[in-house]
Amino acid sequence: MTIAVYPGTFDPITNGHVDIATRAAALFDHLVVAVYDRPLKTLLFSTAEREAMTREALKDISNVTVQSYLGLTVNLAQSVGARVIVRGLRVLSDFELEFQMALTNRKLAPDVDTVCLMTGQRYAFLSSSIAKEIAMVGGCVDGMVPPHVAAALKDKFRRLGAAAGSKVQIVSLRD
Ligand code: ADP
């Protein structure tokens, strides 16, 4: 049985991620989609939110499980018995980082190899950041993210907007 891990930040999961996970699940016996707990990135969603949204997005794929993790991806891979790390490649600029990470991971754990799947053409320019930027200014993200993620983005920015508004109000009241 070949187990693979698809690690990422998934802040939030997009249809590009879903496409990679769906195709990887068809290639391997079991796919663990692993949501990194503390990436060196500014996050919009908490780990629990990212994990829940990812689980909901992939719930119809029977050989996929979703979990969050801390620490090295190769350690997680070894702990779940995975010999493969799946990553997605979009434009050329992804390559350098993925190449560096794949070689580093192989040095750390020679028994774990990286498999990069090419993006689906329609998702080539889709990223979590782009979906967040569009949603932040009230744009439509249908087709970019699953419907429950679109709703979560809308809700998050409404709350953040309300919080920012009340801060402004507090500041102006103080002034
Ligand atoms: P990370 O912070 O680890 O890059 P991301 O959630 O941004 O986490 O991405 C996880 C993986 O999914 C990466 O390998 C990334 O290249 C890939 N990926 C992200 N968006 C797409 C997409 N639209 N098409 C294909 N792969 C993608």
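In this text, all values refer to a predicted model and were calculated from it rather than measured experimentally.

Caption draft 1: Molecular detail of the nonpolar core. Counting residues in each nonpolar core, the largest one holds 31 residues, and the members touching the most others are Tyr-6, Leu-31, Val-33, Leu-58, Val-64, Val-86 and Leu-153. Counting residues per element, the ones that place at least two in this core are β1 (3-8), α1 (15-27), β2 (30-36), β3 (64-69), β4 (84-89), α5 (128-136) and α6 (147-174). Tallying contributions element by element places α1 first for this core, with 5 residues.

Caption draft 2: Layout of the packing of aromatic side chains. This structure, assessed with the given rule, holds 3 aromatic pairs. Between Tyr-6 and Phe-10 the ring centres are 5.3 Å apart and the planes differ by 85°, which places this aromatic pair in the edge-to-face class. Measuring from centroid to centroid gives 5.1 Å for Tyr-36 and Tyr-69, while their planes differ by 50°, and the two rings are tilted. In this pair, Tyr-36 sits in strand β2 while Tyr-69 sits in strand β3, placing the two residues 33 residues apart along the sequence. Judged by relative accessible area, which is 23%, Tyr-36 ranks as partly exposed.

Caption draft 3: Representation of the environment of Arg-23 in the model. On the secondary structure map, Arg-23 appears in helix α1. Distance from Arg-23 to Ala-150, taken between C-alpha atoms, is 22 Å for residues 127 residues apart in sequence. Look past the residues within four positions of Arg-23 in its chain and what remains in contact with it is Leu-117, Met-118, Thr-119 and Gly-120.

Caption draft 4: Quick look at the site of the ligand. What surrounds the ligand is a group of 17 residues, the closest being Tyr-6, Thr-9, Lys-41, Gly-88 and Leu-126. Taking Lys-41, its side chain carries an N or O atom lying 2.6 Å from an oxygen atom of the ligand. Between the ligand and Leu-126, the relevant distance is 2.9 Å, taken from a nitrogen atom to a main-chain nitrogen or oxygen of the residue. Protein burial of the ligand: of its 550 Å² of free accessible surface, 89% is covered by the chains. In this structure, the ligand is accommodated by the largest pocket. The set of elements that each furnish at least two residues to the shell around the ligand consists of β1, α1, β4 and α4 (92-108).

Caption draft 5: Quick peek at helix α2 (residues 47-57). Taken together, the buried positions of α2 are occupied by Thr-47, Arg-50, Glu-51, Met-53 and Thr-54. Each buried residue of α2 lies within a common arc of 165° when the element is viewed along its axis, so the set occupies one face.

Caption draft 6: Looking closely at the domain arrangement of the chain. Taken domain by domain, the chain holds domain 1 (3-123) and domain 2 (128-163). Its C-alpha centre places domain 1 at a distance of 22 Å from the equivalent point of domain 2. Residue-level contacts link 15 residues of domain 1 with 13 residues of domain 2. A buried area of about 1,100 Å², summed over both sides, lies between domain 1 and domain 2, and 64% of it is on carbon and sulfur atoms. Our count for the contact surface shared by domain 1 and domain 2 stands at 6 residue pairs in polar contact (both at pLDDT 80 or more). Put simply, the parts of the chain that give the side of domain 1 that touches domain 2 at least two residues each are α1 and α2.

Cut-off values and rules
For every chain, the first residue of the written sequence is number 1, and numbering continues from 1 along that sequence. Given that the model is predicted, a residue must reach a pLDDT of at least 70 before its local features are reported, and side-chain atom pairs must reach 80 or more before they are shown or counted; all residues, however, enter totals for whole chains, interfaces and linings. Computation of side-chain values: all heavy atoms of the structure, hydrogens and water removed. We call a set of buried residues a nonpolar core when its members are Ala, Val, Leu, Ile, Met, Phe, Trp, Tyr or Cys and they connect through side-chain atoms within 4.5 Å of each other. Throughout this description, buried means an accessible area under 20% of the type-specific maximum (1.4 Å probe, protein chains only), exposed means over 50%, and partly exposed covers the range between. Numbered from the N terminus, helices here are DSSP runs of H or I no shorter than four residues, and strands are runs of E no shorter than two. Two aromatic rings from Phe, Tyr or Trp, using only the six-membered ring of Trp, form a pair when their centres are within 6.5 Å; if the ring planes differ by under 30 degrees the pair is stacked, by over 60 it is edge-to-face, and anything between is tilted. Any pair of residues with heavy atoms lying within 4.5 Å of one another is described as a contacting pair. It suffices for a single heavy atom of a residue to lie within 4 Å of a molecule or strand for the residue to be listed as near it. In the analysis that follows, any N or O atom pair within 3.5 Å is treated as a polar contact, provided that within protein one partner can donate a hydrogen and the other can accept it, and provided that, for residues neighboring in sequence, both atoms belong to side chains. For every accessible area listed, the method is Shrake-Rupley and the probe measures 1.4 Å; residues are considered covered only by the protein chains on display. Residues are said to line a cavity or pocket when one of their atoms sits within 4 Å of a point; the points come from a 1 Å grid over protein atoms alone, cavities being sets where a 1.4 Å probe fits but cannot get out and pockets being open sets with protein on both sides within 12 Å along at least five of seven lines. Cavity and pocket membership follows a simple rule, namely that a molecule belongs there if more than half of its atoms are within 2 Å of the grid points. Directions from the helix axis toward the C-beta atoms define the arc. A domain assignment, automatic or from a database, supplies the domain bounds used here. In this description, buried area is defined as the sum, over both parts, of the accessible area (probe of 1.4 Å) that is lost when the two are combined.

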